[in-house]
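Chain by chain, the residues run as shown.
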Amino acid sequence: MVLRREPTARQMRLGVELRRLREAAGLTAIEAAALLGTNRVQISQIESGLAGVSEQRLRRLASHYACTDEEFITALIAVATDRTRGWWEEYRGSLPTSFLDLAELEHHAAHLHEVAILYVPGLLQTEDYARAVFSSRVPELAHEELELRVRHRMRRQQIVAPYELVIHEAALRIRVSDRATSRAQLTKLLELSEAENISVRVIPFDLDAFSRAASTMKYASGPVPKLDTVVRDVPHGSAFIDSEAQLSAFRTRFRKVEAVSLEPERSRDFINQLAKEL
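One structure accompanies this document, and this report is about it. Quick caveat: nothing in here was measured; it's all calculated off a predicted structure.

1. A word on the pairing of strand β2 (residues 163-168)
- Most of β2 is tucked away: six of the six residues are buried.
- The pairing of strand β1 (residues 111-116) with β2 spans five bridges and is classified as parallel. Considered in β2, the bridge of Leu112 is made with Tyr163.
- When β2 meets strand β3 (residues 198-203), the two strands line up parallel, connected through six bridges. Across the sheet, residue Tyr163 finds its bridge partner in β3, namely Ile198.

As structure tokens, then:
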């Protein structure tokens, strides 16, 4: 069996879920290997995403682990047997792995929720806005790498899944570049907010007692809730969060933030007024 040199976040997630099922069944890797007729090393490679697993073997493992959630098993099989080479693979070796993993996550998401506080999210940025954001990086990026990141970000914007954004007024007012770039960005937000699958809601500055302003996050729903993922920005890129307790907390957090935001129509009026002020 040829091992993967660099498993994707999606492949590693499959391994994590199989490990969780094994541990919930109270089995060691050695015991699981014996049930499958293999060795502990191969179980470890599967659970780390370094090795793939066939549908037949996955079903055998699920049976040995006493997993009866057929919808969950089917979702895991879809991940295990997916051989699609996404457009983001063109950037492998040229951009940090986290960029590719994020694009893959968004591509496979059944629903996307996002809370933005300081910047307009990458999925809705104009090219000039994205370039300004990447230009502010320290240490400064070489021109070729900066443009590569901008192109990658623009390609991520092929949003198919329903996408709900809650954005703070701060992100709408902060000028990452000049006045013209800000105006064009607000105009694009207004245009995209009219799309059938995109919803934009604004949190205004004058909202009283809003203590969740620092909760920037992206919540990607999987084919089943157990495969949901939260993405948080960290200094080295993106952190993927998938523990059940944390996912539940972030679901609640998003609902609370959404509940205090302006309705989509009022949000469009709000953004339109900001654009006029520029």
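Now that the structure has been shown, the text picks up again.
2. Digging into the pattern of salt bridges
- Inspection of every chain in the model, using the stated rule, returns 26 salt bridges.
- Arg131 is the salt-bridge partner of Asp128, the closest N and O atoms lying 3.2 Å from each other. Within this pair, Asp128 and its partner Arg131 are both found in helix α7 (residues 127-135), separated by three residues, close to a single helical turn.
- Across the pair Arg268 and Glu265 runs a salt bridge, and its minimum N-O distance is 2.7 Å. Placement of the pair is Arg268 and Glu265 together in helix α12 (residues 264-277), with a separation of three residues, close to one helical turn.
- Of the residues examined, Glu265 reaches a relative accessible area of 46% and is grouped as partly exposed.
- Salt bridges here are not isolated pairs; linked through shared partners, they connect Arg13, Glu17, Arg20 and Asp242.

3. So, the nonpolar core
- Of all hydrophobic cores here, the largest spans 29 residues; its most connected members are Leu124 and Ile167.
- At the level of secondary structure, the elements contributing two or more residues to this core comprise α6 (97-108), β1, α7, β2, α9 (169-173), α10 (179-192), β3 and α12.
- Those residues in contact with Ile167, other than ones at most four positions away along the chain, are Ala116, Tyr119, Val120, Pro121, Leu172, Val200, Arg201, Val202 and Ile203.
- Among the nonpolar cores identified, the runner-up in size contains 25 residues, and Leu21, Ala32, Ala75 and Ala80 belong to it.

4. Some details on the layout of surface pockets
- Looking at the largest pocket, its volume works out to about 1000 Å³.
- In terms of lining, the largest pocket is formed by 33 residues, of which the most central are Val133, Phe134, Arg153, Asp233 and Gly237.
- Breaking the lining of the largest pocket down by element, the ones donating at least two residues are α6, β1, α7, α8 (143-155), β4 (217-221), β5 (229-234) and β6 (237-241).
- For the lining of the largest pocket, the element with the most residues is β5, which contributes four residues.

5. Some words on the sheet that holds β1
- A sheet is described by the order of its strands in space; here six strands give the open sequence β3-β2-β1-β4-β5-β6, paired in mixed fashion. The open sheet has two edge strands, β3 and β6, and neither has a second partner. Recorded for the sheet is a direction-independent mean angle of 15° between the axes of neighbouring strands.

6. Structural notes on the packing of aromatic side chains
- Scanning the entire structure with this criterion turns up three aromatic pairs.
- Centroid distance Trp87 to Trp88: 5.8 Å. Interplanar angle 75°. Geometry classified as edge-to-face.
- Residue class for Trp88 comes out buried when judged on its relative accessible area of 3%.
- Here the aromatic residues Trp87, Trp88 and Tyr91 are joined through ring pairs into a cluster of three or more.

7. So, the pairing of β3
- Across the six residues that make up β3, a large majority, six, are buried.
- With burial as the criterion, each face of β3 is covered, one bearing Ile198, Val200 and Val202 and the other bearing Ser199, Arg201 and Ile203.

8. Remarks on unusual backbone geometry
- In this model, Val138 is joined to Pro139 through a cis peptide bond whose omega is 0°.
- Topologically, Pro139 is positioned in the loop between α7 and α8.
- Positive phi values are uncommon outside glycine, yet Ala66 reaches one of about 60°.
- Note that Ala66 resides in the loop between α4 (55-64) and α5 (70-81).
- Assessed through its relative accessible area of 60%, Ala66 is described here as exposed.

9. Some thoughts on a nonpolar patch on the surface
- Together, Leu118, Tyr119 and Ile174 make up a nonpolar patch on the protein surface, roughly 270 Å² of accessible area in all.
- Of the residues examined, Ile174 reaches a relative accessible area of 36% and is grouped as partly exposed.

What counts as what
- Residues numbered from 1 in each chain as written.
- Predicted model: local features only at pLDDT ≥ 70, side-chain atom pairs only at ≥ 80, totals over all residues.
- Heavy atoms only, no water.
- Buried < 20%, exposed > 50% of the residue type's maximum accessible area, 1.4 Å probe, protein only.
- Helix = DSSP H or I, 4+ residues; strand = E, 2+ residues; numbered from the N terminus.
- Pairing = 2+ DSSP bridges.
- Salt bridge = Lys/Arg side-chain N within 4 Å of Asp/Glu carboxyl O.
- Core = buried A, V, L, I, M, F, W, Y, C linked by side-chain atoms within 4.5 Å.
- Contact = heavy atoms within 4.5 Å.
- 1 Å grid on protein atoms, 1.4 Å probe; cavity = no way out; pocket = protein on both sides within 12 Å on 5 of 7 lines; lining within 4 Å.
- Points joined across faces, edges and corners; volume = space filled by probe spheres on them.
- Axes fitted to C-alpha atoms, helices over the stretch in contact; angles between N-to-C directions.
- Phe/Tyr/Trp six-rings, centres within 6.5 Å; stacked < 30°, edge-to-face > 60°.
- Patch = residues over 30% accessible without salt bridge, like charges linked within 9 Å, V, L, I, M, F, W, Y side chains within 5 Å.
- Areas by Shrake-Rupley, 256 points an atom, 1.4 Å probe, with all protein chains shown as cover.

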